[in-house]
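Residues per chain, in single letters:
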Amino acid sequence: MAGELSAVVVDDHPAVRAGVAYWLSTGTPPIRVAASGEDVRAAWLGEGADADVVILDLHLGGPTPALGDLRRLVEAGRRVVVYSMRADDDIALQCLELGALCYLTKAEGAEHLVRAARAAAEGRAYTPPSLAGALAGDRSDHRPALSAREVEVLVEWFQSESKDFVAQRLGISLSTVNSHLERIRIKYALIGREAPTKAALVARAIQDGLIGVDDL
């Protein structure tokens, strides 16, 4: 069907892969699982390579989180939802910083998974309850010096569908919006807190108290 969204599910438990596929297929609209497998190769080969969203279990066959796999997927432009058994705030924040669009625990159920997958497939971040707690609990003292205008542009962007709308709201050009956002990313990068995606910038802004989860 036209406009159908697709996913690849990477998890080392067959029952989890089957359950995720069922949940996604019964969503509105349904998301088709194009491929699945027990390791990350499923996201690089065959139909999995073209899927709109990657549902990635971070602990594949061992205790070490597959952050390298996540990084490579994001750098290749893939839209990733990390789906983990572990409610680990530090790992959740690392995943967002690397560019994941959502960190979801397997305890959060079908509704949140379907919402997260649909948002990610469309390039949007999704904040489930456990992630909201992780973000709210992290208040870094190592913050960039953002100007009042940069903060204003950042918050407007989080609350808008597009940068064009931000430009209209603030009465500035699109190129000025882009320049502000690029300077913000550079300022975060210079202090070792890279924020390459919108989801990562949201995480940074919440950590630094610029916005609250309820503002999103």
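These remarks concern the structure in this document.

Conventions and cut-offs
- Residues numbered from 1 in each chain as written.
- Predicted model: local features only at pLDDT ≥ 70, side-chain atom pairs only at ≥ 80, totals over all residues.
- Heavy atoms only, no water.
- Salt bridge = Lys/Arg side-chain N within 4 Å of Asp/Glu carboxyl O.
- Helix = DSSP H or I, 4+ residues; strand = E, 2+ residues; numbered from the N terminus.
- Buried < 20%, exposed > 50% of the residue type's maximum accessible area, 1.4 Å probe, protein only.
- Pairing = 2+ DSSP bridges.
- Right-handed = clockwise from strand over helix to strand, strands pointing away.

**Details of the pattern of salt bridges**
Across all of its chains, the model carries 13 salt bridges by this definition. Between arginine 115 and glutamate 111 there is a salt bridge whose closest N-O contact spans 2.5 Å. One end of the pair is arginine 115 and the other is glutamate 111, both in helix H4 (residues 109-121) and four residues apart, which spans about a single turn. We classify glutamate 111 as partly exposed; its relative accessible area is 49%.

**Structural notes on the pairing of strand S5 (residues 102-105)**
Side-chain alternation along S5 places Cys102 and Leu104 on one buried face and Tyr103 and Thr105 on a second face that is also buried. For strand S4 (residues 80-84) and S5, the ladder comprises four bridges, and the chain directions are parallel. Paired with serine 84 across the bridge in S5 is threonine 105. After leaving S4, the chain enters helix H3 (residues 89-98) and then returns to the sheet as S5, a path that is right-handed.

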